[in-house]
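What follows is the residue order along each chain.
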Amino acid sequence: MTRPDDEVEPPVDVAVDREQGVTITWVDGTVSRYGLEELRVNCPCAACRTRRDRGEPAWRPTPGQPPLRIADAELVGAWGLGLAWNDGHTTGIYPWVILRVWAGPDAGAQR
Ligand SMILES: [Zn+2]
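Here goes a summary of the coordinates provided.

So, how was this worked out
- Residues numbered from 1 in each chain as written.
- Predicted model: local features only at pLDDT ≥ 70, side-chain atom pairs only at ≥ 80, totals over all residues.
- Heavy atoms only, no water.
- Pairing = 2+ DSSP bridges.
- Helix = DSSP H or I, 4+ residues; strand = E, 2+ residues; numbered from the N terminus.
- Axes fitted to C-alpha atoms, helices over the stretch in contact; angles between N-to-C directions.
- Phe/Tyr/Trp six-rings, centres within 6.5 Å; stacked < 30°, edge-to-face > 60°.
- Buried < 20%, exposed > 50% of the residue type's maximum accessible area, 1.4 Å probe, protein only.
- Core = buried A, V, L, I, M, F, W, Y, C linked by side-chain atoms within 4.5 Å.
- Contact = heavy atoms within 4.5 Å.
- Polar contact = N/O pair within 3.5 Å; in protein donor to acceptor, adjacent residues only side chain to side chain.
- Donors = N, O, S within 2.8 Å, 3.2 Å for Na, K, Ca; no water.
- Tetrahedral: all angles 85-135°; square planar, octahedral: opposite > 155°, others 65-115°.
- Salt bridge = Lys/Arg side-chain N within 4 Å of Asp/Glu carboxyl O.

Comments concerning the sheet that holds strand S2 (residues 21-25)
In step 1: Strand order across the open sheet formed by 3 strands is S1-S2-S3, with antiparallel pairing between neighbours. The strands lining the two open edges of the sheet, one partner per strand, are strand S1 (13-17) and strand S3 (31-35). Across the sheet, the mean angle separating the axes of adjacent strands is 15° when strand polarity is ignored.
In step 2: Where S1 and S2 come together, 5 bridges link them in antiparallel fashion. Across the sheet, the residue bridging to Ala15 is Thr23, located in S2.

Structure (structure tokens):
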């Protein structure tokens, strides 16, 4: 018996455009693109999950602040991508399995 998260292999390519978002090429050749706001609003860290559980957005645009962008990105072991944001938020680590699910049915993800 195989758990779903065992079925997601690390991508073959991860391209981070700090102004636009993240593009991931999976082992099967599928290419998934994630916008900055989509990634930020769905940040999987505990603090952001808590906010969403309370019905608050994990992030919203702040008038007068510079546009959202990625300040830093790094691969976290074999299982995910860590993103630091220009708003000072640095705790989000995005596991491949979550990114694969977000990519939707076209990427062969199982919900
Ligand atoms: Zn977060």
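As for the packing of aromatic side chains
The geometry of two aromatic rings is summed up by the distance between their centres and the angle between their planes.
In step 1: Scanning the model with the defined rule gives 1 aromatic pair in all.
In step 2: Look at Tyr94 and Trp102: their rings are 6.1 Å apart centre to centre, the planes differ by 75°, and that puts the pair in the edge-to-face class.
In step 3: Owing to a relative accessible area of 1%, Tyr94 belongs among the buried residues under this scheme.

Quick notes on the nonpolar core
Burial of nonpolar side chains together is a common tendency in soluble globular proteins.
In step 1: Ranked by internal contacts, the top residues of the largest apolar core, which has 20 residues, are Leu39, Trp85 and Leu99.
In step 2: Of all the secondary-structure elements, those providing two or more residues to this core are S2, helix H1 (36-41), strand S5 (80-85) and helix H3 (96-102).
In step 3: Here this core takes 3 residues from S5, the largest share from any one element.
In step 4: Beyond its immediate stretch of four places on either side in the chain, Leu99 contacts Ile24, Trp26, Tyr34, Leu39 and Tyr94.

Comments concerning the side chain of Ser32
In step 1: Residue position: Ser32 is located in strand S3.
In step 2: In this structure Ser32 comes out as buried when scored by relative accessible area, which is 4%.
In step 3: Within the structure, the side chain of Ser32 is placed 2.8 Å from the side chain of Trp26, a separation counted as a polar contact.

Some points on the coordination of the zinc ion
In step 1: Coordination of the zinc ion by the protein comes from Cys43 (SG), Cys45 (SG), Cys48 (SG) and His89 (NE2), over a distance range of 2.1 to 2.3 Å.
In step 2: In this structure, the zinc ion is surrounded by 4 donor atoms whose angles at the metal cover 104 to 114°, and the resulting shape is tetrahedral.
In step 3: Sequence spacing of the donor residues for the zinc ion, all on one chain, is C-x1-C-x2-C-x40-H.
In step 4: According to the relative accessible area criterion, Cys43 is buried, its value standing at 0%.

Brief notes about the pattern of salt bridges
In step 1: Inspection of every chain in the model, using the stated rule, returns 6 salt bridges.
In step 2: A salt bridge links Arg100 to Asp28, with the shortest nitrogen-to-oxygen separation between them at 3.0 Å. Pair noted here: Arg100 is in helix H3 and Asp28 is in the loop between S2 and S3, with a separation of 72 residues, a long-range link.
In step 3: Between Arg40 and Asp87 there is a salt bridge, with its nearest N and O atoms 3.0 Å apart. Residue Arg40 is located in helix H1, and its partner Asp87 is located in the loop between S5 and strand S6 (92-95); the two are separated by 47 residues in the primary sequence.

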